[in-house]
Amino acid sequence: MAASELYSKYARVWLPDAAEVWKSAELIRDYTPGDLTLSLQLEDGTEVEYKIDPKTNNLPPLRNPNILVGENDLTSLSYLHEPAVLHNLKVRFIDSKFIYTYCGIVLVSINPYESLPIYEADIINAYSGQNMGDMDPHIFAVAEEAYKQMARDERNQSIIVSGESGAGKTVSAKYAMRYFATVSCSSVETNIEERVLASSPIMEALGNAKTTRNDNSSRFGKYIEIGFDKKHCIIGANMRTYLLEKSRVVFQTHGERNYHIFYQLCASAHLPEFKAFKLGCADDFHCTNQGQSPVIDGVDDAEEMCITRRAFSLLGICESGQMEVYRILAAILHLSNVEVKDQSADRSSIMPDNVHLMVFCELMGVPCEEMAHWLCHMKLKTTTDTYVKSVSKMNAVNGRDALAKHIYARLFSWIVGSINNALKLAATQHSFIGVLDIYGFETFDVNSFEQFCINYANEKLQQQFNLHVFKLEQEEYMKEEIPWTLIDFYDNQPCINLIEAKLGVLDLLDEECKMPKGSDDTWSQKLYNTLLKQNAHFDKPRLSNRAFIIHHFADKVEYQCEGFLEKNKDTVNEEQINVLKKSKFDLLLRLFEDDEKARSSTKKPTSNTGRAVQSQRDNKKTVGLQFRQSLHLLMGTLNATTPHYVRCIKPNDHKAPFTLDPVRAVQQLRACGVLETIRISAAGFPSRWTYQEFFSRYRVLMKQKDVLSDRKQTCKNLLEKLIKDQDKYQFGKNKIFFRAGQVAYLEKLRSDKLRMACVHIQKTIRCWLARKKYLRMKESAIAIQRHVRGHQARCYVKLLRRTKAAVVIQRNVRMWATRRCYQQQRSAAITIQCFLRAYVAREQYYKLMFEKKAVVIQKWVKGWLTRQQYRRTVAAIVLLQSCVRRMRAKKEFKKLKVEARSVEHFKKLNIGMENKIMQLQHKLNEQQKENRDLSERLNVVEKTQSMERERHCREIENLRRSEQEARAKAETLPSLLEQLSFLQHELDNTRRQKEDLEEQSKVYKEQTQQVVEELNMKNSLLNREKDELNTLILEQAQQLTEIKTNIENTKQLEKDLTDERSRYQSLLSEHLHLEERHRDLKEEMNFSITSSKIGHKRTDSNYSTNSSEFSQSIGSTEGEGSSIQTEDETQSTVDLPVLLKLQRRLKELEQDKQSLWQKLDKREEAQQEKAKEMEEQRTVGRAELDLETLKRQELESENKKLKQDLNELRKSLTNENSELAPPAPGSLPYNILVEQLNSSNEELDMRKEEVLLLRSHMVRQEALKHKDSALGGSVKLDLSEIPSFQDVDRSPNIHTLNEDGELWLAYEGLKETNRLLEFQMQEQERVHDEKCRKLLEEVNKSKDEKQQQQKLLAQSLLLPEDARIEASLKHEIARLANENLELLEQQEKQDKTIRKLKKQLKFYMKKVGDFEASTQQKNNSSTMNDPVRAVHITRKEKEYQGMLEYKEGDESCLLKNLVVDLRPRGVAVSFIPGLPAYIIFMCLRYADNVNDDQRVSTLLNSTISSIKGVIKRRGNDFEIVSFWLANTCRLMHCLKQYSGDEVFMTHNTARQNEHCLTNFELSEYQQVFGDLAIQIYRQLIKCMEDTLQPFIVASMLEHETVQGVLGSKPTGLRKRSTSFPEGAVTVEVLLQRLGLFHTTMSQHGMDSDLIKQVVKQQFYIICAVTLNHLLLRKDMCSWSKGLQIRYNVWQLEEWLTERELADCGAKETLEPLVQAAQLLQIKKKTEADAQAICNMCTALTTAQIVKVLTLYTPVIEFEERVSTTFLTTIKNLLKDRVESSTLMMDAKKIFSITLPFTPSSVALETIQVPASLNLSFLTRI
C-alpha cells in the first residue's frame, strides 16, 4: 500500500518531543511522494511543519485507530513501534487503571503505588484453570500458565521477574508464589504453602531496605524453586540468593535506610525478652541513622517485627533460635557505635571503657580486650616471620565495618539455609516452578561494582530472552508453513564476552586482586591497554582516568574504578574472625563453620610458610568469580525450563499513584527488552488471524456472491482483491499473517463501509419519520378543531343551566344550614349528659369490682406460694433420700463384687445353696405380703378418689344452683322488656296519628319542600361519599404503610432466617468434614475399640429409649458399618505445629478411651447385678405354678361365659323371626347395649392379657419338664431359648438355679402380675384425671358464663331502653348460636362414636360367626368319614400390613443390595420413585412392631453409613447423588408422616394412620436424616457446578448468535481459546444440560420444592461465573456483548417458564447479570445517564459498576469510550452506598435450603419388592 494512501488528510502521526517523548499530530494536507515537509496540526490546535530528510525519506510513525487503543496485548496493535506501545500503556494505566498488559510472551506490570483489590482469593479462583489469553492480563494468568504447562508438558517452568528498584518485582514474585500456594492441593498436614509464604517476611526483613526509589527495595537477587509431586501439589521449596548489598549494613545515603530488621529490633527494644540486648531507638546507632529517615510512612516496625517472629516460628525456628539471631543483629548495631580514636597518622586506639564494645563482646561471648586490640591492629606474615602492626583510624574503621558486613552476610546465608531446611522436600520432587526476583538494569550518577554485576546479570538474561522470543517467532512460521527469512535481532554476546571472556573485565579484575600491590588505578590502566581498541562496546571517558564505559543493550554506563578491587576481594581481618571463633556462642560458631571446612579442604601441607599463605590467598574465590559461577548455574537452570517473563515498570520517581512519566517509562521499556520484543514482532508478520476470525470480522466487505462454502478460499479471494501487494500478507495452514499496518488499512475499509451503510439507513429512517410526523399532525389538527367547536357549544348550555340552578341551591342551602346548626347543638347536649352519667356509674362499679378481685387474688396467691414451698421441700427430701440410698447401695455393691470374685465365696455359695433356697422362699412370702399391701393401698386410693369425686359433685351442684338463680333473674327481663315494647307500641300509634294529622295539614308544604330535601339528600350523600372516600384513602395509605413495614420486617426476618440456616448448614458441613477427619485419625492410630459398641437395651424396670446415648450409637455404628476405604497417608517429616496438633488429638482420644472404659465397667457391673437378679428369679418358679394353672382355668371358663353372652347378644340383634325390631340408635336400650359392649370389650382385653401371660408360663414350665425328663439332671437355664411375654434382651450368662427353674418362673410371673396391677392403677388414675379435667372445664365454663351475664346486666342497666332491648336480644341470639354449635359438635362426636361402635360390633359378629363355623366344621369332619365331593376353594386376598420381615444380621445384606450395589437408572425407570426409602421404612416398621430398639438403631445407623459411603465414593456422578438425595428426603418424610404426630397425621389417609410407629419416637433421627440430606444436597451442587463450569462461559459470553457486523476485534499473540474447540457451545447446549438435570431429578421423585431450590442454585452459579468472567475480560465489555447476554438470559427465563419454575426465585438470581448487560447498552455521557445507571444497577456493587464502565470497549468506531469524568460522577453518586467492597461474586456460595414436609400418597401395603433387587430374604407381612 502506497504511502500516499496512508499519509492522507486527517491521518494521525507521532512526532518526537523532548518532554513527552512522543506527541500526537494530524495531517491537514495530503502527502505526495517528493514532498519535503508535512503539514500537521497538534492536539492543542498548533500547526507545525515536519521536515522530511530527502535521503532517508523517513516519515513519522502512524497512530493506530482508536478502536485498537487500550488493548490487552501490545502485539494486537496494527502499527508496532515505540510511540504506539507507550500510548497504549498510558491509556491503560492512567485512564483505565490497568497495571498489567501483555506484550507477546511478556507481562508488563506498572507499579500503581496504591493497593488494589485484585489479588483476593476469588480472583485466584477466577483465573484458576483458565487459558492465558482468555482473561485480562494479570500476574495470576502467568502463574496459571506456568502451573498448567508444568502439569501438561511434564516440564519444569520458571517465571523471571525483573525491573529496576521500586518497580514492584518483589510484590509480583510474592503474588505468584501465593497463587501456587492457593491452587496446589497439598495435604493439610504438611502446611508447606504457609511455610513457603512465610519465607517472604523473613527475607524482606533481612534483605529489603528503603531507598530513594522504593520503600521496600530488595537488595539481593533470589531464585525460589517450588517443588511439586506427581499430583502437582507443593511438597517443598529451595531458595538461592545472589549478590547481597553488604555495604548497606554500614552506609546509607540521605533518605535511605538500613535493612528493615534493624529498625524492627529497635522498635521492639521495650519488650522484656530484648532487654538484655540494651537497644534504644534507631537514631542512637550509627548504622541506622545515616540516612536520617528512620520511619516509613504507613509502616509500623513493631508490628512488622511480630510478623517476622511469627514467620520464624512457622518455619520451625524455635524461640531460643530466634533470640540468638536477634542477639547477633543487636551486636552488629553496637559494633557500628564503637568509636575509634586517632593517636597518630598510622596509629589508632579504642578506649577500654567503651560501652558499645563491651556490649558487643558480651553478646558475642568474646574477650573485650582482645577484640579491642585486633580492631586497631593487624598481623602481617612474611616468609620468615610474623609482625603485628597498628593501623590508622580510617583503616580501623574500615576493618570494623568489614567485620560487621562479614557477620551480617554469614548470618544472612545461615538464615537462607535454615529456610531451605524448613522448606526441604518432604517427598520425591517430580517437577518445579522457579520464581526469579532479580534486579533490573541500573544506571546512577556514580556506578560501582554492584551496578556492574547487576548489569552483567541483565545482559545474560536479555540474551536468553532474545533467543527465546526469536525461537518462538520462527517456530510459529514453521508451524504454519509459510516462507520466512531470518529475522535480524540485537545480539549482546559481544558485550557479554567483554565482561566474562578471557582477558575480559572480570578476568583482569581477578588478576589484579592477586597482585600484592594491585590498586584500582593499575587495574584501570590494564583495562585501557587491553580492551579500549579491541572491543567496540568498551570506551574511556574523556575527562577521567579512573573510569570506563560499557555499551550495554539498554544504554551506555560509566563505572568508577574506585573500590572495585576492595569489593571484589571482600577481605576481613582474619585475627578478628579468630577471636570470634573462640566464642562459646553456638550460633556464632556455626556461622563460621563453612570457612573452616573450605580452608581444610583447600589447605595442603607445605614446607614453606610463605607459599602456604600465597596458595591460601590464591584459592580464595573473589566476589566476581562467585557471582559469575552462580550466574552460569542460574542460566543453566533457566535454559532447562520453560521461561515466563514479567517486566516491572516504575511509572515515576515521586511514588505518585497512577501517574506515568513518559521519559522514565521509555527508558525502562528499552532496558527491559519490551521494545526489542516489539521490534522482532514488527520485523515479520505481527498481526495474525484465523480464517474464521477474519471472515467474521470482515464479512461486511464481501458481497453475497463472494461467500463460498470454503472459508479459507473466501478469505484468500477477499485479500487478493483488497491488498494488491502479495508481500503484505501470507496464508498459513490455520492463520493469515499480516505485515505491520495492514490490519489498520482493513479496519479503515470496514469502517468506511459501515459508515456508508449507516448514512443510507439514516436517510431512509429520517424520511419515514418526517412523513409519519406530518400525517399525525394533520389528523391532530382536524380532531382539535372538531373538539373545540363542540366544547364551546357545551360551555354555553352549561352556563344557562348553572345560572338557573344557582338560585335554587342558594335558597335550599340557607335553610339547610340553619336546621343543621340546631340539630348539632341538641345532639351535643344529649351526648354530654350521656357520657357524664356513664362515667359516674362506671367509677362506682369499678371501685366495687377492684375490692372484690383483690381479695380473690390474695387468696389464690397465698395458696399457690404455700403449695410451691411444700413441693420443693418434698422434692428435696426425696432427692436426699435417693442420694443416701444410692451411696449405701454402691458401698454394698462393691463389697459384694469383692466377695463374688473370691474363690471362697463360690465355695460358700455351693455349701449354703439350701440356705439360699430357704431365703428365696422367705423373700417370696414377703413379696406376697407386699402385694396384699399394694391391693390395700389401691382400695385406699379408690376411696379417696370417690371422696374427691363427691366433693367435686357438690361444688358442681352449687355452681349449677347459682347458675339457675342467675337464669331466673335473667328470665324476669323479658317480661319487663315486653311491657316496654307494649308501651313503645302505644306511643308509636299516638305518634302515627299525630303525624297523619300533621301530614293532612301540611301537604302543600311538603310538596314544595320535597325538591329541596332531595337536593339536600343528594348533597349529603355526595359529602358522605366524599368523606368515606377520604377516610378510605387514609385507611389505605395507613394499610400500605403498615404493609410496607410488615414486608420489610418479614424480609429482614427471612434474611436472618436464611443467614442462620446457611450458617447452620455450613457448620454442619464442617462438622461432617471433621467427623470424617476424626474417623480417619482413629483408623490411622489404631484406636478403633470394638468393645465400646454401647447401645440401649431394655431392662425389667425400664421401658423408655435411651435418648442420651443417641449420638454415641450413631458414631459407633458409623465407625462399624461404613465401607468407605481411606487411603493411608504417610508423613516422613512432621513439623512442630502438626506434632502439637497430634498430641492434643491423642489426649482427646485417650480421654474418650477412658470414658468408654468407664462405661464398659458400669455395664459389666449392671450385667452382674442383672445376673444376680436372674439367679434369684430362677428359684421362685414352681411356687406359683399351681396357682397359675387354677387361675388360667378360671379365666378360660369366664371367657367361655363371655362368649356365650356375646352370642346371645348377637342372636338377639340378628334374629329374623323376632317380632321386635332392633333398638334404634340413640334409644335407651341401644345405649345400654353399647355400654355393656364397651365393658365387655374392656374386660375381654384384660382377660386376654392374663391368659397370654399364663400360657407363656405354662409353655416355659412344659419346656423345663421336657428337659428334666430328657437329661435327668440339673440343667442350666438359658433365657434366650425361652420366649418371654415382653421382648426384652436378657443376658445369656444365667447361673444355675434349682433343678427345674420353678422359683424363677414364679418370680417372673409375680413381677408381671405387679406390672399389670400398676398398669391398671395408672389407667384408673388417667380416667380419674380425665374426669376431673372435664369437670374443671365445666366449672370454668359456667364461671365464664356467669361473669359474662353479670357484665351484660351491668352494661344493660346503663343503656337507654331501646339500646338495652337490642343488646339483650343480641346476647340471647349469640348464646343460642353457641349452644347450637356445641350441640352440633356433640352430635358429630356421638355420630362418630356410633359409627365406630357399629364397625366394632360388625367385626365381633363376624369373628364369632367364623369361630362357630370353624367349630362346626371340625365337628362335622370328625363325625363324617364318608368321602365327599371335591369342591373348588378360592383363596382370599391377603391384607398386608405394610411391613417387611427380616432376620437379625440381614441389615448388611439388605443395605448392600439396596444402597451400595444399586444402579439408580433401572430403579428410576422401572419402579416407583423412592422405592429404596419405602423398603427401608417398611423394614423399620417391622422392627418397631416387634419392639426391638436394637434393630431400629442398627438399621437406621447402617443406612446412614451406607448412604454416606456411596456419596463419598461416587459423589461425582450427578445421577447417583440426585437419586440418594431424593430417597433420603423420602425416608425422612416417612419418619415424619408415620411418626404419630397430629401435625403430620392430618395429611394421611385412615389406612396410613394405622401404619404409624407405635413403640419408638424417632424425632432425633428425623434431624439426622435432615442433616444427611443437606450434606448430599451440597455434594449435588458441587457435582452440578463441576459439570456446568465448562459450558457457562462458552455459551453465555463467547458464543455470538449474529456474527459479521459486530465481530470480534483483532487480538494479539495470545489468542482467545474456547472451552470446546471442536464446536460452538450455544445456550441451547447449556439448556439441554439443565434439562437433563431437571429430568433426572424428576424421575428420581425429588420433591418439587427441592428441585426449585436446585434450579435456583444452578442459575446463581451461571450468573456468578458469567459476571466474574465479564469483570475480568475487557474484550467482552461491549454493546453487542450486552445484547447477546440479554438474549441468552431471555432464553434461560423461557426455559424456566416452560418447566413451570418461574416462581422458584431463579430469575432474581440473574438480576446482577441482566443489570450488567443493561449497563453495557445504556447511554453513558451526561449526569442524568449516571443517575439512571445508579437507579438501575441495584443488584451490582459500586466496584462492579465502575469496573464494567472501565472495561467498556468499543467494537466499532461509532461507539465511544466512557470518559473519566463520567466515572468520577458515578463514584460520587454511589459513595453513600452501604455494601460489600468485593469485586467478584462468590461463585462457591450455596444458598441455605429448607426441606418442607411432603407426604406420600403411596400406600405401604401395596408396595412389592422386585425380584431384581435380590431381596428374597424379606417377607411381606
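The preceding data block contains the structure.
This section reports on the structure supplied with the text.

Calculation notes
- Residue numbering note: each chain is counted from 1, following its sequence as written.
- The predicted nature of this model means local features are confined to residues of pLDDT at least 70 and side-chain atom pairs, given and counted, to a pLDDT of 80 or more, with totals for whole chains, interfaces and linings taken over all residues.
- To obtain the side-chain values, all non-hydrogen atoms of the structure were used and water was disregarded.
- Distance thresholds for patches are 9 Å for like charges and 5 Å for nonpolar side chains (Val, Leu, Ile, Met, Phe, Trp, Tyr), applied to residues having over 30% relative accessible area and no salt bridge.
- Per-residue and other accessible areas follow the Shrake-Rupley method at a 1.4 Å probe size, with only the shown protein chains counted as cover for residues.
- The salt bridge definition used is simple: a Lys or Arg side-chain nitrogen within 4 Å of an Asp or Glu carboxyl oxygen.
- All tallies of charge rest on Lys and Arg as positive and Asp and Glu as negative; His and the ends of each chain are not included.
- The location of each charge is read from NZ of Lys, CZ of Arg, CG of Asp or CD of Glu.
- To qualify as a helix, a DSSP run of H or I must reach at least 4 residues; to qualify as a strand, a run of E must reach at least 2; elements of each kind are numbered from the N terminus.
- Categorising residues by exposure relies on relative accessible area from a 1.4 Å probe, with only protein chains included: less than 20% of the type maximum marks a residue as buried, more than 50% marks it as exposed, and the intermediate range marks it as partly exposed.
- Here the rule is simple: two strands pair whenever DSSP picks up at least two bridges between them.
- Comment: axis = line fitted to C-alpha atoms, over the contacting stretch for helices; angle = value between 0 and 180 degrees taken between N-to-C directions.
- The criterion used for residue contact is that any of the two residues' heavy atoms lie within 4.5 Å.
- The term polar contact refers here to a pair of N or O atoms within 3.5 Å; inside protein, the definition further demands a hydrogen-donor-capable atom paired with an acceptor-capable atom, and it admits residues adjacent in sequence only when both atoms are side-chain atoms.
- Nonpolar cores are built from buried Ala, Val, Leu, Ile, Met, Phe, Trp, Tyr and Cys residues. Side-chain atoms within 4.5 Å join them into one set.

Taken together, the side chains of Glu995, Asp996, Glu998, Glu999, Glu1006, Glu1013 and Glu1014 define an acidic patch exposed on the protein surface. Elements with a minimum of two residues in the negative patch: α30 (913-1001) and α31 (1003-1084). For the negative patch, the element with the highest residue contribution is α30, accounting for four residues. You can see Glu1014 is positioned in helix α31.

As a further point, take a positive patch on the surface. Together, Lys703, Lys705, Lys721, Lys724 and Lys753 line one region of the surface with positive charge. In this structure, Lys753 sits in helix α28 (residues 742-901). A relative accessible area of 40% means that Lys753 is categorised as partly exposed.

Spatially, seven strands are ordered β5-β6-β20-β7-β16-β10-β11 in an open sheet, and the strand pairing comes out mixed. Two strands bound the open sheet, and with one partner strand each, they are β5 (100-103) and β11 (234-242). Pairs of neighbouring strands in the sheet enclose a mean axial angle of 20°, with direction left out of account. By the bridge criterion, six bridges tie strand β7 (residues 157-162) to strand β20 (residues 642-649) in an arrangement that is parallel. By the bridge assignment, Ser158 is partnered in β20 with Pro643. Sheet strands in contact with helix α4 (residues 139-153) are β5, β6 (106-110), β7, β10 (221-228), β16 (431-437) and β20, and its direction is about 170° off that of β20.

What follows concerns the pairing of β20. The buried fraction of β20 is high, at eight of eight residues. The alternating pattern of β20 places Thr642, His644, Val646 and Cys648 on one face and Pro643, Tyr645, Arg647 and Ile649 on the opposite face, and all of these are buried. The pairing of β6 with β20 spans five bridges and is classified as parallel. When the bridges of β20 are listed, Val106 appears paired with Tyr645.

With that out of the way, let us pick up the sheet that holds strand β3 (residues 37-42). Taking strand neighbours across the sheet as the criterion, the four strands line up as β1-β2-β3-β4 in an open arrangement whose pairing is antiparallel. Each edge of the sheet is formed by a strand with only one pairing partner; in this case those strands are β1 (12-17) and β4 (47-51). Across the sheet, the axes of successive neighbouring strands diverge by a mean angle of 50°, strand direction being ignored. Looking at chain direction, β1 and strand β2 (residues 21-27) are connected through six bridges and run antiparallel. Residue Trp14 lies in a different strand from β2, and its bridge partner there is Ser24. In the packing of helix α2 (residues 82-95) onto the sheet, the strands contacted are β1 and β2, and the crossing angle to β2 comes to about 100°.

With that settled, the discussion passes to the side chain of His1533. Examined against the element boundaries, His1533 turns out to sit in helix α42 (residues 1518-1537). At 2.7 Å, the side chain of His1533 forms a polar contact with the side chain of Asp1647. In contact with His1533, other than residues within four places in its own chain, are Asp1647, Leu1795, Pro1796, Phe1797 and Thr1798.

Our next topic: the environment of Thr571. You can see Thr571 is positioned in the loop between α18 (564-569) and α19 (574-581). Taking C-alpha positions, Thr571 is 9.5 Å from Thr622, a pair spaced 51 residues apart along the chain.

Grouped together as the largest cluster of nonpolar side chains are 324 residues, with contacts concentrated most on Phe180 and Phe548. Among the elements that line this core, the one with the most residues is helix α45 (residues 1563-1598), at 19 residues. With 21 residues, the next largest nonpolar core counts Tyr698, Met702, Ile736 and Ile1756 among its residues.

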